[in-house]
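Listed below are the residues making up each chain.
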Amino acid sequence: MANGANNINVAGHTGVLSIQDGVGYKPIVCLTSTSYNAVSNVVEKVNYCTQGKTKSRVTSISESVSFEAEVVTLGAEETGATYADLLTAQKTMEEQSFRLDGRNGSQTFKAIISDLSDSFTAGDDATFSGTLTINPEEEEE
């Protein structure tokens with residue numbers, strides 16, 4: 001068992017989420033957090049063949065990415081995807097291409113923007129959050 005003396009913590013700010021535009025990937029500006037979630041969809045059965053014991057098996061895995069960020073307006077020379085850009089992408093009702101960095105390299109995936117919400121609280125910076133539902137990769141036939 002490792003003693004952990006040589007473990008190195010991963011900095012949270014490396015978890016950058018980007019959306020693909022016509023040229024490449026644009027990072028979502030002013031992220032405060034990203035989180036990746038994978039849920040095993042499980043079927044359980046009990047029958048005579050299992051001798052009355054519950055047997056479970058995974059039928060699929062549902063994946064999503066959640067994020068939080070600050071609402072900003074970009075300066076003339078700045079680039080990135082803003083809350084307004086994500087709202088526009090969501091309104092297309094089509095899947096988008098994303099890249100998530102910081103988790104053992106980069107992961108690219110197609111997803112729908114299933115949730116976007118904002119909060120404009122008096123005295124605080126405006127923020128927004130969202131959830132991406134990752135579409136499973138289609139297998140080549």
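Read on for an overview of the structure. The model shown is predicted, which means the values in this text are computed figures rather than measured ones.

Let's talk about the pairing of strand β6 (residues 106-119)
Examined bridge by bridge, strand β5 (residues 96-101) and β6 share 6 bridges and lie antiparallel to one another. If you follow Ser97 over to β6, its bridge partner there is Lys110. Turn length for the β5-β6 hairpin, with the two strands adjacent in sequence and antiparallel, is 4 residues, and the turn residue Gly102 shows positive phi of about 95°. By the bridge criterion, 8 bridges tie β6 to strand β7 (residues 127-134) in an arrangement that is antiparallel. Paired with Ser119 across the strands is Thr127, a residue of β7.

Some details on the packing of aromatic side chains
Tallied over the full model, the rule gives 3 aromatic pairs. On the numbers, 6.2 Å between centres and 80° between planes, the contact of Phe67 with Phe128 is edge-to-face. Remark: Phe128 occurs in strand β7 and Phe67 occurs in strand β4 (residues 55-70); sequence separation between them is 61 residues. Phe67 gets classed as buried once you look at its relative accessible area, which sits at 3%. Connected via pairs of aromatic rings, a cluster forms that spans Phe67, Tyr83 and Phe128.

Structural notes on the nonpolar core
Core analysis: the biggest nonpolar cluster contains 19 residues, and Leu17, Leu86, Phe98, Phe109, Phe128 and Leu132 have the highest contact counts within it. Elements supplying a minimum of two residues to this core: β1 (17-20), β4, α1 (83-91), β5, β6 and β7. In terms of residue count, β6 provides more of this core than any other element does, 4 residues in total.

Brief notes about the sheet that holds strand β2 (residues 25-27)
Spatial strand order, β2-β1-β5-β6-β7-β4-β3: 7 strands in an open sheet with antiparallel pairing. Single-partner strands in this sheet number two, and they are β2 and β3 (31-45). Direction aside, the axes of adjacent strands within the sheet are offset by 40° on average. Against the sheet, α1 touches β1, β2, β4, β5, β6 and β7, its axis set at about 105° to β6.

Parameters and conventions
- Residues numbered from 1 in each chain as written.
- Predicted model: local features only at pLDDT ≥ 70, side-chain atom pairs only at ≥ 80, totals over all residues.
- Heavy atoms only, no water.
- Pairing = 2+ DSSP bridges.
- Helix = DSSP H or I, 4+ residues; strand = E, 2+ residues; numbered from the N terminus.
- Phe/Tyr/Trp six-rings, centres within 6.5 Å; stacked < 30°, edge-to-face > 60°.
- Buried < 20%, exposed > 50% of the residue type's maximum accessible area, 1.4 Å probe, protein only.
- Core = buried A, V, L, I, M, F, W, Y, C linked by side-chain atoms within 4.5 Å.
- Axes fitted to C-alpha atoms, helices over the stretch in contact; angles between N-to-C directions.
- Contact = heavy atoms within 4.5 Å.

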